[in-house]
Structures are given as C-alpha cells and as structure tokens.
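Reading the structure
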Amino acid sequence: MAGKKNKPVQGNEASSHSEKKQVLTRRGVLKSLAGIPVLGVFAYGLLEKQSYDHQKKQNVLNELGLDDIKRPGIIKNTAGKKGSLLRVGIVGFGSRANALSRGMGFMHPKDIEFSRKRGTLDNWLAQENLNIAVTGICDVFDLHAQKGLETVRGGLYPGGGPDTTLEVKRFRHYHEMLESKDIDAVVIATPEHHHAQMTIDAVHAGKHVYCEKSFTRTEEELYAAYDTVKNSKIVFQLGHQIAKNIVFKHARKIIKKDILGKITLIEATTNRNTAHGAWIRHLDKQGNPKPGDKKSIDWAQWLGSRPYVPFSIDRYYNWTKWFDYSTGLLGQLFTHEFDAVNQLLHIGIPESVVSSGGIYYWKDNREIPDVLQSVFEYPERELTLVYSANLANSRQRGRVFMGHDASMELGGSLSVTADINSTRYKDKIAKGIIDPSYPMFSYNPLSGGIDAVSSATEKYYASRGLTDTFINGKRTDVTHLHIKDWVDCIRNGGTPGANIDLAFEEGVTVLMAHKSYIEKRRVKWDPVKRKIV
Amino acid sequence: MKTNNTNTTIQSVALIILRLLIGWHILFEGISKLLSPGWSSAEFLKESKWILEGFSRWVLSNQGVLNAIDLLNTWGLIAIGVGLILGLFTRTAAISGALLLFIYYLSNPPLIGLEYSIPTEGNYLVVSKTLIESVALLVIAVFPTSRGFGLDMFVSRIFSAMKLFKVKVDFRE
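Keep in mind it's a predicted model, so treat the numbers as computed, not measured.

Calculation criteria
Residue numbering note: each chain is counted from 1, following its sequence as written. The lettering of chains begins at A and the numbering of ligands begins at 1, in the order of writing. Totals for whole chains, interfaces and linings use every residue, but because this is a predicted model, local features are given only for residues with pLDDT of at least 70 and side-chain atom pairs only at 80 or more, for both listing and counting. Side-chain metrics rest on all non-hydrogen atoms present in the structure, leaving aside hydrogens and water. Working definition: helices are DSSP H or I runs of at least four residues, strands are E runs of at least two. Numbering for both runs from the N terminus. The criterion used for residue contact is that any of the two residues' heavy atoms lie within 4.5 Å. Each residue carries a pLDDT value, the predictor's own confidence for that position, ranging from 0 to 100. By this definition, two strands are paired if DSSP reports at least two bridges between them. To define axes, lines are fitted to C-alpha atoms, for helices over the stretch in contact only, and angles between the resulting N-to-C directions are given on a 0 to 180 degree scale. Burial classification: accessible surface area is computed with a 1.4 Å probe over protein chains only, and a residue below 20% of its type maximum counts as buried, one above 50% as exposed, and the rest as partly exposed. The term salt bridge refers to a side-chain nitrogen of Lys or Arg lying within 4 Å of a carboxyl oxygen of Asp or Glu. Residues belong to a common nonpolar core when they are buried Ala, Val, Leu, Ile, Met, Phe, Trp, Tyr or Cys residues joined through side-chain atoms within 4.5 Å. Segment limits for the domains were obtained from an automatic or database-derived domain assignment. Polar contact is defined as a pair of N or O atoms within 3.5 Å, subject to the rule that within protein one atom must be able to donate a hydrogen and the other to accept it, and that residues adjacent in sequence are counted only when both atoms are side-chain atoms. Stacked, edge-to-face and tilted labels apply to pairs of Phe, Tyr and Trp rings (six-membered ring for Trp) whose centres lie within 6.5 Å, assigned for plane angles under 30 degrees, over 60, and everything in between, in that order. One fewer than the residue count of a helix, multiplied by 1.5 Å, yields its expected span.

What follows deals with the side chain of A:Asp111. Position of A:Asp111 relative to the elements: it lies in helix H4 (residues 109-118). In this view, A:Asp111 contacts A:Asn98 and A:Arg102; residues no more than four positions away in its chain are not counted.

Moving on, we come to the environment of B:Val13. Looking at the secondary structure, you find B:Val13 in helix H1 (residues 9-35). A sequence separation of 136 residues divides B:Val13 from B:Phe149, and the C-alpha atoms of the two residues are 9.3 Å apart.

With that settled, the discussion passes to the confidence of the model for chain A. All names here are of chain A. Confidence along chain A averages 86 in pLDDT terms, with 87% of residues attaining 70 or more. Segment residues 1-21 is flagged for pLDDT under 50; beyond a separation of four residues in sequence, or across chains, it makes 33 contacts in the model. For residues 72-80, every residue scores under 50 in pLDDT, and the model assigns this stretch 20 contacts once sequence neighbours within four places are set aside.

Residues and elements named next belong to chain A. The six strands lie next to each other as S3-S2-S1-S4-S5-S6, forming an open sheet whose pairing is parallel. Of all the strands in the sheet, just strand S3 (169-171) and strand S6 (236-238) have a single pairing partner and so form its edges. Strand-to-strand twist of the sheet, defined as the mean angle between neighbouring strand axes without regard to direction, takes the value 20°. Bridging between strand S1 (residues 86-91) and strand S4 (residues 185-188) involves four bridges; their strand directions are parallel. Each residue of the ladder has a partner; that of Ile90, found in S4, is Val187. Along the sheet, helix H8 (residues 195-204) makes contact with S1, S4, strand S5 (208-211) and S6, crossing S5 at roughly 165°.

Residue and element names in this part refer to chain A. Between Lys213 and Ser214 the backbone carries a cis peptide bond, its omega angle lying at -5°. Within the secondary structure, Ser214 is located in the loop between S5 and helix H9 (219-230). The backbone of His346 shows a phi angle near 50°, a positive value even though the residue is not glycine. Among the secondary structure elements, His346 is positioned in the loop between helix H13 (329-345) and strand S8 (352-358). Since its relative accessible area comes to 56%, His346 is described here as exposed. Notably, Arg530 is not glycine yet its phi reads approximately 50°, a positive angle. Secondary-structure assignment places Arg530 in the loop between strand S18 (523-526) and strand S19 (531-532).

All names here are of chain A. Applying the stated criterion across every chain yields a total of 22 salt bridges over all chains. Here Arg153 makes a salt bridge to Glu167, at a shortest N to O gap of 3.9 Å. Of this pair, Arg153 sits in the loop between helix H6 (142-152) and S3 while Glu167 sits in the loop between H6 and S3, and the two are 14 residues apart along the sequence. Note that Arg217 and Glu221 form a salt bridge whose closest N and O atoms lie 3.9 Å from each other. Salt bridges here are not isolated pairs; linked through shared partners, they connect Asp314, Lys321, Asp364 and Arg366.

Bringing the pairing of strand S12 (residues 406-410) of chain A into the picture now. All names here are of chain A. Only one face of S12 is buried: it carries Ala406, Met408 and Leu410, and the other face, with Ser407 and Glu409, is open. In the sheet, strand S11 (residues 400-403) pairs with S12 via three bridges, with the strands oriented antiparallel. Note that in S12 the partner of Phe401 across the bridge is Met408. Inspection of the sheet shows S12 paired to strand S13 (residues 414-418) by five bridges, in the antiparallel sense.

All names here are of chain B. Note that Gly83 resides in helix H4 (residues 63-86). C-alpha of Gly83 to C-alpha of Ala94: the two residues are eleven residues apart in sequence and 8.3 Å apart in space. Leaving out residues up to four positions away in the same chain, Gly83 has contacts with Leu88, Thr90 and Ala93.

On to the nonpolar core. Residue and element names in this part refer to chain A. Phe236, Tyr387, Met408, Val416 and Met440 are the most contacted members of the largest nonpolar core, which totals 91 residues. The residue makeup of this core includes at least three contributed by each of domain 1 (86-244) and domain 2 (247-473 + 500-532). Not counting residues within four places of it along the chain, the set of residues in contact with Tyr387 comprises Ala268, Thr269, Thr270, Leu329, Leu330, Leu333, Phe334, Glu337, Leu372, Gln373, Ser374 and Phe376. The next biggest cluster of nonpolar side chains, apart from the first, holds 25 residues, and it includes Ile483, Val487, Cys489 and Ile490.

On to the side chain of A:Ser352. Residues and elements named next belong to chain A. Structurally, Ser352 can be placed in strand S8. With a relative accessible area of 1%, Ser352 lands in the buried category. A distance of 3.2 Å separates the side chain of Ser352 from the side chain of Arg522, its partner in a polar contact. What Ser352 contacts, discounting residues up to four positions off in sequence, is Val375, Phe376, Glu377, Met512, Arg522, Val523 and Lys524.

Glancing now at the packing of aromatic side chains. For the coordinates displayed, the defined rule picks out 19 aromatic pairs over all chains. When the centroid spacing of 5.6 Å and the interplanar angle of 65° are considered together, the rings of A:Tyr210 and A:Trp486 count as edge-to-face. Residue A:Tyr210 is found in strand S5, and its partner A:Trp486 is found in helix H16 (residues 478-492); the two are separated by 276 residues along the sequence. Exposure class is identical for A:Tyr210 and A:Trp486. Each is buried. Between B:Phe102 and B:Tyr105 the ring centres are 6.0 Å apart and the planes differ by 20°, which places this aromatic pair in the stacked class. Here B:Phe102 pairs with B:Tyr105, and both are found in helix H5 (residues 90-107), just three residues apart, close to one helical turn.

Residues and elements named next belong to chain A. Along its 15 residues, H16 runs 21 Å from first to last C-alpha, staying within 8% of the 21 Å computed at 1.5 Å per residue. With 13 of its 15 residues buried, H16 lies for the most part within the structure. Its side-chain oxygen at 3.1 Å from the backbone nitrogen of Thr479, Asp477 defines the N-terminal cap of H16. Just past H16, the residue Gly493 takes up positive phi, approximately 80°.

Right under this line is the structure:
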C-alpha cells in the first residue's frame, strides 16, 4: 500500500509523521530502532528469570539432597548387540497376550495399520529387537489362537525381527507345547486359576517362565509353585511391569534419601466405575455376546481342575467375578499396588491383615466384592498399608506414601509435597523456600522434565497415571522393559525384578487379605509353620 | 484501502506501547515453550471444545501433525513477538498473531455450557483475555505505527526504492 506515495521528498521535522515526507533524518532512524532496546530488556529479563528459577529449584533440590538428580541416562543393553535367539511359547492369547506380544516385538497386521494411522508405529518399530521367536501359541479358543498366529506373522517387526526361519505352531493343549523341543521359555497369560499348575509343569519341562499376575489363588498352589521354581535353575518373572517405569528410579532415591521422614501409612487405591472395569466383558459395543461357543472353545481344558459347570460365555470372558478362578480385586489390581510398595520399601509379608467389603453396586451373579478395604499391619516396620478399592466410583485417589515430613504420590508420575507440620522442613517452610501447599518436587516422565517448583499445569497432570515411560528421550513401553529384563537374565544370568521371592511375598499377602474377606476375621502369618492362621 | 497516517503523537505512543506489550507477551509465550523440553500442545488440545474439537482430536490422533503444530506454535509465537517489538513486517505479524490468538480462543471459548477441567485464571463470559488480545492486534494492524517507530521504515524504503528503479522482484522464488 501507499507505494506511490513513498517517493522520497524533502520535508521538515514538523511533518515527519506524514508518510509523504519520508526522509532519513537521524531522529527518524533512532525512532525506527525503538524496538531494539525493548528486545534487549526482554533478553535481560529472560536471563534473570531463568537464573532465578534455576536457583530456586536448586535450593529445594540441595535441601532435599537431590541436587545430583538427572534425567535418566541410557539403559544398558545387557544382552549385547543382539542376544542369541530365544524361542518362546505363549499360553493364552487374550488381550494381555496381545500387549505382551508388542513388548516382545510382534503386532497384529490390523494393529499395525491402526498404529500407523495414529502415528505411533515408528515408536514401536524403534523398540529394541529382543531376538525372540514365538514358536508356539496355545489357546483353548480357536479365534484367539488364530489371532495369536496372525500377530506373530505380523509382517513388520522392530529391528527386522528375530534371526530365524522357524514357523509358529498352534498347540491345542499346553502339555503338548511344553513337550516341544522348539520352545525354550513360556509366557503364561491365561486366567488366574491356571497360573500355578502351568508354572509348575513348565519348570518340570525345563522352560523359563514369564507368568502374569496374580501368581496363585490358594496357599497350597503358592507353596508348591514357589518350591518348584526355587529348586530349579529356570528364570522366573512375574508380570509386574510397573517398577520398570522410570519414575520408580526417582522414587527409590527419594526413599533412600529419607525425604519423606518416617513413613507410617501407605494408601493404595483402585478407582473404577465402568462395567468393563468391573469385569463385565462378554458383550460387544452393540450389546451382543462376544464370539465363542462350545464348539470353538475347549471348555473342559479351560475349567482345568475347577469344579464342572456348563459352558458359559459369561464365565469365559468374566472369570474374575468368581472365586473359583480368581481372587478378584486383590489378585487383579491390589497385586500391582503391593508390588509398587514392596519394590520400593521391601515390606514383605504383613504380620496381620483384615479385610471387609461387599457387593454393593454390581448386583449380577458375581462372588467377588466390588467395594473392598484391606488393612495390612507391619508392626516391626511401624507402618500400615491400606488398600481401598471401589468399582462404582472413579474419583482418583492415587497411591500415597505418608511420612512425618512429606507425602509422596506415585503413579505414572511422581510428586513430593512437604507436610505443613514437618519437623525437618519447618525452617524452610517458615522462610518461604518450601511451600507445603505445592509439590516441592515432581517428575513426569512424559513431560521429560524434572521440576522442583511445579507449575499449575504440571501439578494438575502429575496425578495422572501412564502406561509408557520416557527413556533416552523416547516413549518406551514398560511391558517391553519387563520382558527384556527376563530375557536378559535368561541369556546372561541374574535375577529379574519381579522374581520368585517377591512373587511369594505378594502371593501370601494377597491370600491373607482374601482369607480375611472370606472368613470375616483378622488373619495372621505364621512364618515358622509357613501358614496363614 | 484509504490510509490516514496522521496520528497525534500521544495516539502513536499509546499504540506503540500496546504493540510492544503484546509483542513482549507473545515472545515470552514462544520462548517458554522453546525452553521447556517436553512442552506439547497436546494437553491444551485435549481440552478443546466447540467448533475446533474435531480438528483437535484429529491433531491428537496423529503424532506427526501434533509435532508440526508444536513447532509452528513455538516458532510462530517467537516470530510474531519479535516482529511486533521491532516493528518488522508488523502488519503481517499483527494479523498472524490475531488469527493465532483467535484460534486459541475458539479452541476453549468461555461459552455457557462449556466446562473445562483446567481452571482458568479469571472469570469470563464469552469474552476472554485471549479474545481481547486478538482484537488488540487487529487494532495494531489497522493503525500502522511501525513506519515511524519500527524497522518497517527501512523495509518500506527498500520496497519503494525497488519500485523507483524498476527492480523486479519475484516473490514466487
């Protein structure tokens, strides 16, 4: 615009505002550069702010003894460049096996397409190639077995997939799979009532075991499975991937540095409020029963040692609802909570447990409670663990470690908040260096940053849990890391993170809480007789 | 467009202050995003309601697009901020800024019946600070201040000089 008017014309100072009289006077040039000092002031302010924020953060970190905390470094590839081929058989190919397959490096072609559309495929393809060949799939349901075969033959694999031309084979019975010479290790992802027997049989067949939680549903099973694994040379890993989340590394440090003070209470919760969350899963989105009938499901094998009942699509998909197949909330969800606490504090088996609850909302044919409270006492450690579960309200209550000086909330992210009546932080609180109404330390792996003084948004999102973690700047599936831990130990020796001893402690703790609920009384652990009394 | 560039000094000063302040704010928004390593517009987009909700969902479902949006946002804000402060390509900066802010506004408008899980820092009914800042940039765009107080003075001289000497500039290059 105004191009024609821009012809330079001699003018005087008085009319210098007019575009018609644009002449380069000294004053005009100076005026035109007016923004530059503003930019300078801005840059100065920015540096000052950066330095102030850094100093404030550093003050808190120094105070906490966390000044050396950094973003986690590269995880070692303990298996060397690529480990020797490991041949794995999967027993039970439901939704959990699907997730485990991804962690091992296999994805169903439909999921590959879906993931490509969502733009997450590259992330998965960047996952380390564990050089696992899935050579066997065993499932009592033809449709699930077929899905398993298709997944293994997916066509696209991280790092080019395993070094093998071995074909995957379907087995109709897991005993046949255990007899196969083409299998070194098994992944057990069946309903809970098979876990113990399958583990025992696999160990006897000399196969390494990755078993999904919960490990067992009776004391007899637990002792038998524990002894069998303990007296063997196989590598056992329980499916508790949660401690592989990078926030745990920081949580361990916080515990080690005693930042929370004396911890006397830990509160773990389950907060769900959907039919799916309450294990009603036999209907599809249109409300029609999901596939599966007497012809396509080997019902006798599915029941195993459990009492005979006629085929039921409800029981097949929603087995968690019955005590014959599961310990319900305790086995399915409390196990994760206990694992998280035990891996951090090594609390082990409680001295006593009392549980109470009932079926208050989901009035179907279930036996398991939908509201459950279990209190675990550790008098020697001078602390109590409370598990509070509700399947009819989804208010997020988190998982909180309560100490005299601070509380730590630990989920997919972590935040530590000083206690207003803390002894240790009393002076800092008085001086305003620490504000007990905000987290003094928080870490959210997905935002990638370590924050000593959280922003409002950070505070808000710190409470949300995640299934992925961030390692070396890459989004990483924690299940993959957990499988890698197991595989590395098989190849190079060592004990995996969720080993048989932890599985035993967890098993006893769960069964104590279960027994207390069933028998409506307080139960104790007798370590000498190895018995819940 | 009819141009009337004879603001009084006080008018010019007021407009220039407005331009500098908005520039400062936008520049710092951009720099803050640049300096926080894990920043992503994802959390903002998740909250999106009303007419841009579908678009936001599409962006969120596609990591590549989300990354591009993040990059454009960060550098767009920085460029707009610098432009407004220096008075360089001011009209382009002001119009782009107004549009960008208007998109932010449309993503989370404080309309009756729309509720957000992130609390806002003030109380709004239909009009929010974002909308006001957007319109303020329109004011900056239509009342030029940068030919007097900004590097655009040089830019316009260069352009008029080119015109004078019939220098051909091919902008499609």
